[in-house]
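Inside the fold
The primary structure of each chain is shown beneath.
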Amino acid sequence: AARAPVTGGRLWLPFQAFSLFVKAKEVPARCPGGGEGVRWRCCRQAFEELSGIHRHVALQHAGDVGRQAGLAEQRPGRAAEPAAGEDGRSGADAEICCALPDTGHLSHSDLTGKVGEVLLYYCYCEVKNPEELCAWQKALCQHLHLTGKVRVASEGINGTVGGSKVATNLYIEVMLSQPLFKDILCREDFKSSAGGAHCFPDLRVGVFKEIVPMGIDPKIVSYKETGIHLSPQEFHKEVEQYLSQASQGQSDTILLDCRNFYESKIGHFQGCLAPDIRKFSYFPSYVDENLELFKDKRVLMYCTGGIRCERGSAYLRSKAVCREVYQLKGGIHKYLEEFPDGFYRGKLFVFDDRYAICSNEDIVSACRYCGTLWDQYKLCSSQHCRQLVLTCPSCRNKGLTACCPLCQEKELKVTSRSSGETLKEECDCTRRRPRVPIEHVLQRMLDTGK
């Protein structure tokens, strides 16, 4: 296929929209010699040759490509300046620039090197065409050999991607140059940690109703109604004051961890209230069932990177029971960059194959079987189960590798069966945990503080 012309470092039409559409249909494939290659999938068909997918797109998707072309033709020399919204943010009315960066000066190893990093970021903004943004994101990540997960919605974008440092740096540059995110997204919004493309099994990019799954329509509880953002330094001072007052039984503040129980189990702020919930979509019900807990309180909220606090604080504020609601800007990630030995102890749970990253030497959790200090998660060994389990090397060597007795028994039955048939009973961990716990306020907070 003809290479798209380059103008000012960006790829432009007429070839750009067609190439981008084709690029979004790529899937990884194994070559006969054992190497890695690509093929294409579209309309439930697989295409081995580039000419085949080109012919299919030209015949079946000319209208889709034409619509993308029409958008770019409206800004021939440069991207149109986005209009500022009522809340002072630019980008709400900006069109999406579907350009891919020029990587011709980079080698294959530059983009695929194993020494790299994992980026975590989000951006709340109004997206008029989530499908177009999704297609561009998928093409961009594939172009840069990034893996990970990206959620796109009409309320913005949320991503965690891994790759070489050359690739992730280029990704940040392209994201910051995207007109849709102008004056909203900045370099400090990207949290990084050691890792790479190997931290994720594949690349998943999709359009969803919410960029973080709280289960509440964004039109009902909007990110625009969020709590007051505190910098890591401000949050650190607030926690210091809270712990000092709490030790004297005088605190009117709740330090709230709005993550899931298996995250807070291996790391949390001292003296926090950590709800025993399995999914963030249970958080609204948790608030509803424990409204008395938050009445007339100052709430300091935190999560991994800040995104769950955006919607979580908005939901809590919508109940009109708290005196004030604050949230840690940038989440635990940014706090640990400045206070690695601060008030957060233990590991930080991450949603990739690493499971956790470390900033201090504290271990705050224990082996599920023997009680030895241990904080390295493994998946339950029972084939039907996706629960995480803390089991130390000694217990694992004894065959204790499941999350509960039911799964442990099931694993033994499965491994002894020649057919490999798996059983479907519900896991004890899920059965015994209440979906939404009711807090006994004072004792719960004291226990967590210990």
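The preceding data block contains the structure.
Now for a quick tour of the structure.

Calculation notes
Residues numbered from 1 in each chain as written. Predicted model: local features only at pLDDT ≥ 70, side-chain atom pairs only at ≥ 80, totals over all residues. Heavy atoms only, no water. Buried < 20%, exposed > 50% of the residue type's maximum accessible area, 1.4 Å probe, protein only. Helix = DSSP H or I, 4+ residues; strand = E, 2+ residues; numbered from the N terminus. Expected span 1.5 Å × (residues − 1). Arc of directions from axis to C-beta. Pairing = 2+ DSSP bridges. Polar contact = N/O pair within 3.5 Å; in protein donor to acceptor, adjacent residues only side chain to side chain. Contact = heavy atoms within 4.5 Å. Axes fitted to C-alpha atoms, helices over the stretch in contact; angles between N-to-C directions.

**A look at unusual backbone geometry**
Backbone geometry places D183, a non-glycine residue, at a positive phi of 65 degrees. What makes D183 exposed here is its relative accessible area of 58%.

**Some points on helix 7 (residues 232-246)**
Along its 15 residues, helix 7 runs 20 Å from first to last C-alpha, staying within 8% of the 21 Å computed at 1.5 Å per residue. What helix 7 keeps buried is the set P232, F235, H236, E238, V239 and Y242. Axial view of helix 7: buried residues confined to an arc of 165 degrees, hence all on one face.

**Digging into the pairing of strand 9 (residues 191-195)**
Side-chain alternation along strand 9 places K191, S193 and G195 on a buried face and S192 and A194 on a face that remains uncovered. Relative to strand 9, strand 6 (residues 116-124) runs antiparallel, the two being bridged by five bridges. If you follow G116 over to strand 9, its bridge partner there is G195.

**Things to note about the side chain of N158**
Inspection of the secondary structure puts N158 in strand 8 (residues 156-164). Overall, the relative accessible area of 14% leaves N158 in the buried class. A polar contact of 2.9 Å, which involves the side chain of N158, links it to the backbone oxygen of I211. Not counting residues up to four positions away in its chain, the partners in contact with N158 are Y121, Y122, K149, V150, R151, I211 and I307.

**Structural notes on the sheet that holds strand 8**
Sheet strands line up and pair through hydrogen bonds in the backbone, either parallel or antiparallel. Overall, mixed pairing links the five strands, which are arranged 9-6-8-7-10 in an open sheet. The outermost strands of the open sheet, each flanked by one partner alone, are strand 9 and strand 10 (203-207). Averaged over all neighbouring strand pairs, the angle between strand axes comes to 10 degrees, with direction disregarded.

**Thoughts on the sheet that holds strand 12 (residues 253-257)**
The sheet built from four strands is open, its strands ordered 11-15-14-12 with parallel pairing. Both edges of this open sheet fall to strand 11 (228-230) and strand 12, since each of them pairs with a single strand only. In this sheet, adjacent strand axes meet at a mean angle of 25 degrees when their direction is disregarded. Bridging between strand 11 and strand 15 (residues 324-328) involves three bridges; their strand directions are parallel. Looking at strand 15, one finds that I228 is bridged to Y326.

**Re the environment of K209**
Position of K209 among the secondary structure elements: in the loop between strand 10 and strand 11. In the structure, K209 is positioned 57 residues away from V152 in sequence and 8.1 Å away in space, judged by C-alpha atoms.

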